[in-house]
Amino acid sequence: MPSVFSAPGSATTTVRDLRRSNRSRALWRVFLDGPLTRQEIGTDAGLSPATVSNLVADLLAEGVIAEVGLEDSNGGRPRGLLQVNPHYGYVIGVDVGESAFLVELFDLGLTMRARHMSATDMPVLDGSALDPQDAITHVADGIRAVIAQAGVAEDSILGVGVAVPGLVTRTEQAVVHGQSVGWDAVPVEAMLRDRIALPIFVDNGAKTLGQAETWFGAARGTDHAIIALLGMGLGTCIISNGEVYRGATSSAGEWGHTTVVVGGRRCRCGAAGCLEAYVGAAAIAARYAELSSGGALFRPGGTTPQNPTPDPGDLEEAVAALIASRDTDPVSAQVLDEVVTYLGAGIANLVNLFNPERVVVGGWLGRALSDPLLPAIREAAKINALRLPYSGVQIVKAELGQDAVALGGATLPIAQLLNTGATPLAAPGLTRRHFSRTLV
């Protein structure tokens, strides 16, 4: 269970800190495992019955949690079942893609209440660059659109979680370094704050996918897992001892830019031999064209001289067609055999380096490859991995589907709410929105 608090009894712990920590521990359990009884909350969170009784009374009075039914107790009084109140507030998740932008609004039960998708109309002049101003405009417009579509008050929004294609560093605010999309220290958080008066949380898209799969999906219940996002690029979220491992500059997990062939194919990051240059969606299209004497993998009209990179939507259709034709088209079969080989080797590297319990293969490309090819991918990983770590790992398909990155974005403000125990400020006149903004 994530925690940002001092241990009870430490020199820096105050009564207020302890109260907030107790609320946080209880809320994490109710959110992830509810509905729960008071007794179950106390057992799971390690809290005494008196502490649970007091904090539950406060959380009920504040509307943070709600009683949703009764549980029989072997002849005794029925026990109330508690869960986080889905109407306490709303959160927004954003998936910033390389040419498309998905914005979704959820209640705290993570029921989607509104959805908005748009695509850039800016030309990709060098085959990789994503215009930051255009991206921020699409995101801001999408946020306004889902709030209007859902018909909720703006001050009921607890925060906006934005998943981006790049490394995220933080000093005072989040800055994005997206070498593959032409972003160099883009101040995404500041740019959005100039347009949207809501709490903003920014993280790498693979990490938001990983958080969603860890909370609700295929990595749930594990303390050591790797969640891989495969699409135009490749990234991972590394879960170690139940926490996201970020590294010294929050750049841990850039799996797509690990070298699999020294001096190999040129990657769009500028290096040679990256895994992405063999397994990424654009690399698959390029390899098919090479083996078929220039035959296009994507549909006619999918590129122009001004935009020489296939649109991800075109590539999704093309990969599906490639997989469907693998038994009748020798070129498709060869391309997929190569993808399986390199992907298996890449997963084996993760297994050898991090010794996870589970590797989850996600992203639109990962899901497409997993359905027909997961047994072959497992076998390729087995051939390249050490026997002992491989013997303890499961390689599985992601469970949460195409909206998982945006859903993961929505978990960022929720994690902030849970980590703070949804503790109200003592100062009069502060709304929940004021409270949320002070936490950013």
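So, here's what we can say about the structure. Because the structure is predicted, anything quoted here is derived from the model rather than measured.

Reading the values: rules and limits
- Residues numbered from 1 in each chain as written.
- Predicted model: local features only at pLDDT ≥ 70, side-chain atom pairs only at ≥ 80, totals over all residues.
- Heavy atoms only, no water.
- Axes fitted to C-alpha atoms, helices over the stretch in contact; angles between N-to-C directions.
- Helix = DSSP H or I, 4+ residues; strand = E, 2+ residues; numbered from the N terminus.
- Parallel < 35°, antiparallel > 145°, perpendicular 65-115°, else oblique.
- Contact = heavy atoms within 4.5 Å.
- Nonpolar A, V, L, I, M, F, W, Y, C, P; charged D, E, K, R; others polar.
- Phe/Tyr/Trp six-rings, centres within 6.5 Å; stacked < 30°, edge-to-face > 60°.
- Pairing = 2+ DSSP bridges.
- Expected span 1.5 Å × (residues − 1).
- Buried < 20%, exposed > 50% of the residue type's maximum accessible area, 1.4 Å probe, protein only.
- Polar contact = N/O pair within 3.5 Å; in protein donor to acceptor, adjacent residues only side chain to side chain.

Looking now at the packing of helix H1 (residues 15-33) against helix H3 (residues 49-62). Running from N to C, H1 and H3 point in directions that differ by 80°, and their axes come no closer than 10 Å. Relative to H3, the element H1 lies roughly perpendicular. Across the interface between the two elements, Arg19, Asn22, Arg23, Ala26 and Leu27 from H1 touch Thr51, Leu55, Asp58, Leu59 and Glu62 from H3. Its residues assigned to classes, the contact of H1 with H3 comprises four nonpolar, two polar and four charged.

This part takes up the packing of aromatic side chains. Aromatic ring pairs are reported here in terms of the distance separating the ring centres and the angle at which the planes meet. According to the stated counting rule, one finds five aromatic pairs in the structure shown. Aromatic side chains Trp28 and Trp215 sit 5.3 Å apart centroid to centroid with 90° between the ring planes, which places their arrangement in the edge-to-face category. Of the two residues, Trp28 sits in helix H1 while Trp215 sits in helix H6 (residues 205-216), which places them 187 residues apart along the sequence. Plain terms: the ring middles of Phe31 and Phe216 are 6.2 Å apart, the flat faces sit at 65° to each other, and that makes the pair edge-to-face. With Phe31 in helix H1 and Phe216 in helix H6, this residue pair connects regions lying 185 residues apart in the sequence. Taken together, the ring pairs connect Trp28, Phe31, Trp215 and Phe216 into an aromatic cluster.

So, about the sheet that holds strand S15 (residues 394-397). Strand order in the open sheet formed by five strands is S13-S12-S11-S14-S15, and the pairing between neighbours is mixed. In the strand order of this sheet, the two ends are held by strand S13 (243-245) and S15, each with one partner. Between one strand axis and the next, the sheet turns through 25° on average, direction left out of account. Bridge count between strand S12 (residues 234-240) and S13: three bridges; the pairing is antiparallel. Along S13, the bridge assignment pairs Ile238 with Tyr245.

Across its 19 residues, helix H4 (residues 132-150) extends 27 Å between first and last C-alpha, which sits within 8% of the 27 Å expected from 1.5 Å per residue. Of all the positions in H4, only Asp134, Ala135, Ile136, His138, Val139, Ala140, Gly142, Ile143, Val146, Ile147 and Ala150 are classed as buried. Buried positions along H4 lie against strand S3 (90-96), strand S4 (100-107), strand S5 (112-119), strand S6 (157-164), strand S9 (183-186) and helix H5 (188-193). One side-chain oxygen of the residue at the start of H4 lies 3.3 Å from the amide nitrogen of Gln133, identifying that residue as Asp131. Immediately beyond the C-terminal end of H4, within one or two residues, lies Gly151, with a positive phi of roughly 70°.

Turning next to the sheet that holds strand S7 (residues 167-170). Strand pairing in a sheet is mediated by backbone hydrogen bonds. Such pairs are either parallel or antiparallel. In space, the three strands of this open sheet follow the order S7-S8-S9, with antiparallel pairing throughout. The open sheet is flanked by S7 and S9, the only strands paired with a single partner. Between one strand axis and the next, the sheet turns by 20° as a mean value, whatever way the strands run. As paired elements, S7 and strand S8 (residues 174-178) share four bridges and run antiparallel to each other. Paired with Leu167 across the two strands is His177, which belongs to S8.

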